[in-house]
Amino acid sequence: MPDFKEEIVSTETIRKRTIVSFLFLLLFIIACIVGWKWLQHQPDDDGALKPLRAVLNGNEKIFGAIISDNHLAKTFPLSAAEHKVRVNGDAGMSAGFDPAAWKLKVARKPGDTMLITLDEIKALPKTEIVFDFKCIEGWSQVTHWGGVKFSDFVKHFGLDEQSYMPYVGLNTPDNGYYVGIDRKSIMHPQTILCYEMNGAPLPMNQGAPLRLIIPVKYGIKHLKRIGTIYFSNQRPPDYWFERGYDYFSGL
Ligand SMILES: Nc1nc2c(c(=O)[nH]1)N[C@H]1C(S)=C(S)[C@@H](COP(=O)(O)O)O[C@H]1N2
Ligand SMILES: [Mo]
């Protein structure tokens, strides 16, 4: 004999159980509708409904605690790199920009801005990385980039003191796109000021002459065509954060 107890259930009991089950289902549906309506009436918090923003802020705390210099994004062999690299987003890349006349502006302090040429940046040790570039829209590509580690850049240009500030902000020359990055992520050993893709000069639509490559974050933070870099005690304005995305956008 199998080892279970059989229960004799009357049709009446089955009927009752069915009714109770339906009542629970109904209650659940009502709770969902009420919850959804409630959510729709919540105030906006930087482009996201307040309770959703609270969830994003919670995620940020977790990711902010996990990130460290020992926590590296996965890298790939050169042979894995895609040659047809996707172009996504051109905010802040207005027409009439002349890369030949470009100089990087680095605000040491308010009112004290250094101008740095691409040649000066290229003279520093080059770092290359092949990693899986992930866009928040759901696509990803293994791609190959070259440039200067942000941490090397900071050391070379005597910005150590500034680099202890909790945030770095980057803007395009026309200020049409801008991101804010926490200190640990910008100083991470895989974060580079990038001037090469697939071993060749960065194409215009990929952010020439200089873009950010920050493998510990989603694509939205990899600002193309850097105009200005500054250091800040407050969270710098961030283009996609203002449109309801996660400020940290860590991976
Ligand atoms: N200046 C600028 N940088 C940008 C964007 C943009 O619209 N403008 N889009 C971002 C987004 S959403 C992604 S996914 C990556 C895409 O980089 P790619 O065009 O080199 O693929 O760039 C980021 N950097
Ligand atoms: Mo993206």
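Here goes a summary of the coordinates provided. None of the values given here were measured: they were computed from a predicted structure.

## A look at the packing of aromatic side chains
Alright, step 1. Applying the stated criterion across every chain yields a total of eleven aromatic pairs.
Alright, step 2. With centroids separated by 6.3 Å and ring planes inclined at 85°, the aromatic side chains of Tyr167 and Tyr247 adopt a geometry described as edge-to-face. Residue Tyr167 is located in strand S7 (residues 167–171), and its partner Tyr247 is located in the segment after strand S12 (228–232); the two are separated by 80 residues in the primary sequence.
Alright, step 3. Residue classification places Tyr167 among the buried positions, given a relative accessible area of 17%.
Alright, step 4. Measuring from ring centre to ring centre gives 5.9 Å for Tyr178 and Tyr239, while their planes differ by 75°; the resulting arrangement is edge-to-face. Taken together, the residues Tyr178 in strand S8 (residues 178–182) and Tyr239 in the segment after S12 connect sequence positions 61 residues apart. One exposure class covers both Tyr178 and Tyr239, and it is buried.
Alright, step 5. Through pairs of rings, three or more aromatic residues link up here, namely Tyr177, Tyr178, Tyr239, Trp240 and Tyr245.

## Re the layout of surface pockets
Alright, step 1. In this model, the largest pocket occupies a volume close to 420 Å³.
Alright, step 2. Lining the largest pocket are 27 residues, and of these Asn88, Gly89, Tyr177, Gly219 and Ile220 lie nearest its centre.
Alright, step 3. The biggest single contributor to the lining of the largest pocket is strand S6 (residues 140–149), with three residues.
Alright, step 4. Among the residues forming the lining of the largest pocket, the class breakdown is 15 nonpolar, seven polar and five charged.
Alright, step 5. Computed from the structure, the second largest pocket encloses a volume of approximately 230 Å³.
Alright, step 6. Together, 16 residues line the second largest pocket, and His71, Ala73, Pro215, Val216 and Leu251 are the ones closest to its centre.
Alright, step 7. For the lining of the second largest pocket, the secondary structure elements donating two or more residues are helix H2 (50–66) and strand S5 (127–134).
Alright, step 8. Its residues assigned to classes, the lining of the second largest pocket shows eleven nonpolar, two polar and three charged.

## Regarding the nonpolar core
Alright, step 1. By size, the foremost hydrophobic cluster in this structure holds 37 residues, and its most contacted members are Leu104, Phe150, Phe153 and Leu170.
Alright, step 2. Mapped onto this core, the elements with two or more residues apiece are strand S3 (104–109), strand S4 (112–116), helix H3 (118–122), helix H4 (150–156), S7, S8, strand S9 (192–197) and S12.
Alright, step 3. Excluding its chain neighbours within four sequence positions, the residues that come into contact with Leu104 are Met114, Leu115, Ile116, Ile121, Phe153, Leu210, Ile226, Gly227 and Ile229.
Alright, step 4. Within the second largest apolar cluster, 13 residues are counted, among which are Trp139, Trp145, Leu202 and Ala208.

## Things to note about a nonpolar patch on the surface
Alright, step 1. Judged by side-chain polarity, Ile19, Leu23, Leu26, Ile30 and Val34 come together as a nonpolar surface patch covering roughly 460 Å² of accessible area.
Alright, step 2. Position of Leu26 relative to the elements: it lies in helix H1 (residues 11–40).

The rules behind each value
- Residues numbered from 1 in each chain as written.
- Chains lettered and ligands numbered in written order.
- Predicted model: local features only at pLDDT ≥ 70, side-chain atom pairs only at ≥ 80, totals over all residues.
- Heavy atoms only, no water.
- Phe/Tyr/Trp six-rings, centres within 6.5 Å; stacked < 30°, edge-to-face > 60°.
- Helix = DSSP H or I, 4+ residues; strand = E, 2+ residues; numbered from the N terminus.
- Buried < 20%, exposed > 50% of the residue type's maximum accessible area, 1.4 Å probe, protein only.
- 1 Å grid on protein atoms, 1.4 Å probe; cavity = no way out; pocket = protein on both sides within 12 Å on 5 of 7 lines; lining within 4 Å.
- Points joined across faces, edges and corners; volume = space filled by probe spheres on them.
- Nonpolar A, V, L, I, M, F, W, Y, C, P; charged D, E, K, R; others polar.
- Core = buried A, V, L, I, M, F, W, Y, C linked by side-chain atoms within 4.5 Å.
- Contact = heavy atoms within 4.5 Å.
- Patch = residues over 30% accessible without salt bridge, like charges linked within 9 Å, V, L, I, M, F, W, Y side chains within 5 Å.
- Areas by Shrake-Rupley, 256 points an atom, 1.4 Å probe, with all protein chains shown as cover.
- Salt bridge = Lys/Arg side-chain N within 4 Å of Asp/Glu carboxyl O.

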